[in-house]
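Now for the letters of each chain:
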Amino acid sequence: MTPIADIGSFNAAREAGMAKLQPAAPRIGVGMGTCGRGNGAEEVYRAFAEAIEAHGLDIRLAAVGCFGACSEEPLVNVWIPGQPLVILRHVHSADAARILADVHQGRIPPDLAWCKIEEWDHITARIRYGAGFPELPQWSEIPFFHGQKKIVLRNCGLISPDDIDEYIAVGGYQALYKVLIDSRPEMVIEQVKAAKLRGRGGAGYATGLKWEFLAKAKDPSKYIVCNADEGDPGAYMNRNEIESDPHSLLEGMIICGYVTGTQQAIVYVRAEYPLAVHRLTRAVEQAREYGILGPSVLGRGVKFDIELVEGAGAFVCGEETALIASLEGFSGRPRPRPPFPAQKGLDGKPTNINNVETWYNIAPIALKGPAWFTETGSARSAGTKVFSLVGKIRNTGLVEMPLGTPLKTFIYDIGGGGVGECSIKAVQTGGPSGGCIPLEMFDTPVDYETLAQLGSIMGSGGMVVMDENNCMVDIARYFIEFTHSESCGKCVPCRVGLDKALDVLNGFTKGAGNSAQLALLDELGRMIRDTSLCGLGQTAPNPVLTTLRHFRYEFDDHIIARRCRAGVCDSLALSPCENSCPLHMNIPRFLGLLKRGRLEDAFESVILDNPLPASTGRVCQHPCDMRCRRLTMDAAVNMRDVHRFIADSILLSDHFDAMVARVADRKLPPTGKKTAVAGAGPAGLTAAFYLALLGHDVTVFESKREAGGMLRYAIPEYRLPKHVLEREVELIRRMGVKFEFGMPVSSAISLHDLDEQFDAVFLSIGTWKESWVHLPGTELKNVIPALLFLEGVASGSVSQIGRRVAVIGGGNAAVDAARTALRMGADATIVYRRERKEMPAIKEEVDAAEHEGVKLQFLSAPHRIVGDPKGNVRALEIVKTRLGEYDLTGRRKPVPTAEVARVECDAVILAVGETIDLDFARGSGLTLRENGTFVVDRFTLETSRPKFYAGGDVITGASNVSNAMGYGKKAARRMDEALMGVKRFQRLSGGFDASEYEAEPATEIARQRPAELAPAMRVKSDAEVVVGLTRGQASAECGRCLRCDVRA
Amino acid sequence: MPQKRISIRIDGELVSTVEGKTILEAARDAGRRIPSLCHMDGLTDVGACRLCLVDLGGGGRLAPACTTPVQEGQAVITNSPRLLAYRRVILELLLTERNHICSVCVANGNCELQALASALGVTSVRFPYRYPNLPLDLSRDRFVLDQNRCILCTRCVRVCADVEGAHVWDVKGRGIYSRLISDLDQPWASAASCTDCGKCVQSCPTGALAEKGKAVEEMVKQTWQVTNAAERKRAVL
Amino acid sequence: MIAAGEKIKLATVWLDGCSGCHMSILDLDEGILSVAERADLVYSPLVDTVEFPEGVDVALVEGAVSSLEDASKLQSVRARSRVLVALGDCAVTGNVPAMRNRLPVKQIMQRLYIEGADVNPGVPASGVPPLLAQARPLHEFVKVDFYLPGCPPDPKAILSVLTDVLAGRAPKLPAVKFG
């Protein structure tokens, strides 16, 4: 290649590049960045090459960089002359042949096509591709790309990074040329200052000011350094920038060299980026050949060259004085500042260090001016920043957004929200130097100052999304483990302090820890932050300090309750399923026992953990399913149906009496203490069961005529047959529990009475008051709240409901009401203002409703109920909604449109939620929350009144059966502890011989599904829809368990 | 050329000093001793132990007095409850890092770490001790290196490299696993660079480097001798 | 607080220590008389009591916690004492007993009792309390109210602390050092 020395040779290079970028024949560009290769791009490239050769096709093949959408790799772009550039995603080597065949015909395979680019703004030039493919969306219409402004990433994924001509074709080195020819050097520095460009490595120092210092330094052997030691775990934007577009980096540095009078530059790149090193080496070679680097840049008599130095695997070398030490051949340990590198840097000479990404902004600023640059971004920080959006998020990748964009936008609009059903709870920004930002603060704009205020930093732009399956204590531990291993060891606070902090955090994750250590950790963190020598130590405590600040409850859980809700800290749980179960059932044990055929032992195991196993075996929302490790193989183990089978096999058989006696044998000796339970719902029944087993005298006061609460009066017969519930209640009764029906607390018997007559009281009265929805027309006949309707059906007082029923709501009550209406011979339509996936109801129930013929109407908000002159319901008028902006939790707010529709009906059931009876709550004198639920101590469940405990819906608001039972169990444990002064609960569960259910290798059979009534049969009666597993099925299912409870 | 005289405030008191001095030096001239361990008169400062941190006001950012030059108009706080608390934690961390057993140490009674702990009122340590398994190097004829007592102040490294010019000592490893090594991580006896001058022993603030033949409490360091040698060398150069 | 005229109940214990701290107590010389005026020594290796009594006001504990027996003794001392003072470096930092902590107990026992034995090699098992994996200071097991470092602590320091406690004041430690 001949050096470029004038505009003619410059244009020749540009034309050569354009001929390669947009040849007269089609061109396939395979994304060959590291992430592409990691997903098989090399095989894809090879497949294309082989096929092109084999068929002698006139199709060009190029290896391009990465376009940024990492979750869609391998990405391939296709140029058909005159047509838009099309981006294909998830391309496999097997697809190569048919892609080529299609392209040869001027077509694109529709299943692989993702989006198109008709014209692209490279900032330094505009490239027009063509109009066409009307069926394909524009790239900017794809949610992941929508709102992104590609300044830094302007060329990435489009040009071949290995070819300087392509870089020149899209306007590369034009800025340099312009600066060399037109500008006085000082002007460029003024431009960079006016553009308010701040360092993109994390510190955010004004780049223009740094250049000014360097320009003022008169020493001719001063240096420019590019810090490409990108060390943050989860951050890889610099890697992509260099792999995909190395010349932008060079151009920025050469411009700086010229305007500051510097002649030598070094790029310090981490050795763990071999592809980037390779690309940069090639780019420097090509630049030298063209005379863009060397003794006379572009023939203008300016001397400038760039040397590449590889790091040696130390995160701390990202700190500028450590980087300099490393360049000088010393160990990478930071040095005191002052003196600052701008005065005394590399070899004692004035040195300016900038991060990779900062350099990528220079050519655009030089070419288009500071006014253009400041149009983007926030008041204090102009321009864009590239973020690596990773973690528990649907769309991962590199995202370039204007500074000041709210976090919410990254997570929900661009990222697409959480994976699966999991809810996002935090975002960690800035790598190990940053902090964790909780959901409540997701509307924070992402900028240097705003993040610092939250205790985090922007850093290099890493954004790690975390959901409910991440343990924040473990996250804090992980980051300290990282900084601890990367500490250089020079200063005491970082070297030893982080070691101590890691010890404490390791202890927390293993169940050893106390509150005094929390205080110590906080103090230590602040001390390390304030006294460390360099940025590593000064920022290392940030993840800990922010998680302590925003996620204190998780630390408390680990230390006080010895529980890890996310299920990450193995030492704190038996197994993921046990951990997620509100009753913490020892699931592997009953599966293991049943597998050995020990049905009665399995029942004993189950009943001791869960006194309502047949009911929960039918209606529990099964969190265990979502955590089962077997999910990673095929499908979760069907634990709920197995314990239903075990329960049914005993409760509904003639073994019942014998088993009840066996359980009653476990009762501890009478204690002489008298306890009372208010409410015979799931929470109350559970508490009563355990209190009785613990030897206490138990009386349950219930306002209705029978026990069961929501189980009896809200959940319909076809889901939970009452005779099954009756057996469970009978078992509980035979433990010695006394029931007083028709005795509502506060009218028939007051809290004062309970206080006098009993030693401890558990309040579990639930939420039985319907939430009212304020609609015109609710005063009409046949408008009934769901709970009232279901209760009426259960007690026999309601026998018909009209012929066409509209049900407003999306929870289990709505679905139950609709299916019940069907069985009464009516048509039912569920009307919900959001989308199906947002319905709180259990998914199987919604599916079952649909199979039975319930109509589901979404994005419909109730507007008014229309009646006739006689006061009868004629229709439900709804307003169609559309999904608007995301709220902080990732749900889109339903926004009413102007479209109105009618649902013809003669009855309306309102299922919009249940609340606590506020009159009772206020009259009780207990401390309440704003919504009327009782305030209790999180760990002891005590209310504000001594001796009185509370649990279930009355403290959480409307929830579900197993959650309520979990509180009942916990309350019994705590009440017993308080009454007896000793922890006795574990005495109830001993005596199981582990050798009776030793682990065996799991089988490979598929998940067993219980038989169900045919949909057409179901609505004809109240017969139970889900028949249950057979004995053979249940045994087989037990064999699928991976026995996560067994530890080495 | 005479240095420019400037004024700064130290703990509220107006003090006259000379440009080019560090805050540590200026404070000492004014009769205030700021605690330190990695500083030794005559050697270049590294600001590693962080004991000499002082408060320069305006936001609470702390600066190491040993490497921060005086500046006209500075207002320095050398002692405050916060600074004292931090200094105590640093000492606590040092005491737990390795095995500092004063009662059986040759430097008992003549140890800078021990003296500082006593002066700052550190009578117990809140963090658990690490009890690392660290070796002794008894190979050298006249001297001993006991890693258990080393606080990684690097005074020995600096004195050997800058004053004696032999550069026998350096630090290998990273973080808590850092270790003092002689030559290319070999037994001291085989470190050919060593001239047996003993400056490292005299520079060591604890009993890590000591002379053989000394019993408990007998190793008294003559650090002033090394300082003199260092200053003479600097004057010549 | 202690009523005037009433004598406080003072106790001293030695765990894994050399008894040097107790010698330091004896080195109070005539100072011990002023202590005896206000305190009764209800338990100590220096007096003739078998069991650590309830209701001790001040317990001075010397030595590190090296064995299971030390640990359980310390729990009982803590439960039965109002104020617990860690006396001497072994109790405060681990000191000499902790020098074994870098090595596994098994290795030490092997070296001492098998390789090092001239006659009857064998690790003693009966009649000796099992060793903990590491000998550690008191505050890692129980809450310590006051620390008195030194090996041994200066008798004057011990006297000063005792005098303060007997007068009902929070003890102010004179300048002390480890070692």
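Everything here concerns the structure above.
Overview of the structure. (Residues numbered from 1 in each chain as written. Chains lettered and ligands numbered in written order. Predicted model: local features only at pLDDT ≥ 70, side-chain atom pairs only at ≥ 80, totals over all residues. Heavy atoms only, no water.)

### Observations regarding the packing of aromatic side chains
All names here are of chain A. What the rule picks out here adds up to 27 aromatic pairs over all chains. Seen in terms of ring centroids, Phe-67 and Trp-139 are 6.2 Å apart; in terms of plane orientation they differ by 65°. Their pairing is edge-to-face. Of this pair, Phe-67 sits in the loop between strand E2 (60-64) and strand E3 (76-79) while Trp-139 is found in the loop between strand E7 (126-128) and helix H5 (164-169), placing the two residues 72 residues apart along the sequence. Phe-67 sits in the buried class, given a relative accessible area of 4%. Of the residues examined, Trp-139 reaches a relative accessible area of 13% and is grouped as buried. When the ring of Trp-372 is compared with that of Phe-373, the centres are 6.1 Å apart and the planes differ by 50°; the resulting orientation is tilted. Taking relative accessible area as the criterion, Phe-373 reaches 1% and is therefore assigned buried. (Phe/Tyr/Trp six-rings, centres within 6.5 Å; stacked < 30°, edge-to-face > 60°. Helix = DSSP H or I, 4+ residues; strand = E, 2+ residues; numbered from the N terminus. Buried < 20%, exposed > 50% of the residue type's maximum accessible area, 1.4 Å probe, protein only.)

### Section: the sheet that holds strand E5 (residues 81-87) of chain C
Residues and elements named next belong to chain C. Read across the sheet, 5 strands follow the order E2-E1-E3-E5-E7 without closing on themselves; strand pairing throughout is parallel. Looking at which strands have only one partner, the edges of the open sheet turn out to be strand E2 (39-43) and strand E7 (146-148). Between one strand axis and the next, the sheet turns through 25° on average, direction left out of account. Of the pairings in the sheet, the one linking strand E3 (residues 56-62) to E5 comprises 6 bridges and is parallel in character. What sits directly across from Val-56, in E5, is Ser-81. On the sheet, helix H3 (residues 68-80) packs against strand E1 (8-14), E3 and E5 and is oriented at approximately 135° with respect to E5. (Pairing = 2+ DSSP bridges. Axes fitted to C-alpha atoms, helices over the stretch in contact; angles between N-to-C directions. Contact = heavy atoms within 4.5 Å.)

### Structural notes on helix H1 (residues 7-21) of chain A
All names here are of chain A. For H1, which comprises 15 residues, the first-to-last C-alpha distance of 21 Å matches the rise-based estimate of 21 Å (1.5 Å per residue) to within 8%. Of the positions making up H1, those classed as buried are Phe-10, Ala-13, Gly-17 and Leu-21. The arc enclosing the buried residues of H1, seen along the axis, measures out at 75°, which places them on a common side. Buried positions along H1 lie against strand E1 (27-31), E3, H5 and helix H6 (174-181). (Expected span 1.5 Å × (residues − 1). Arc of directions from axis to C-beta.)

### Comments concerning the side chain of A:His550
Relative to the helices and strands, A:His550 resides in helix H21 (residues 542-550). When residues no more than four places from it in sequence are discounted, the contact partners of A:His550 are A:Cys436, A:Pro438, A:Met441 and A:Leu454.

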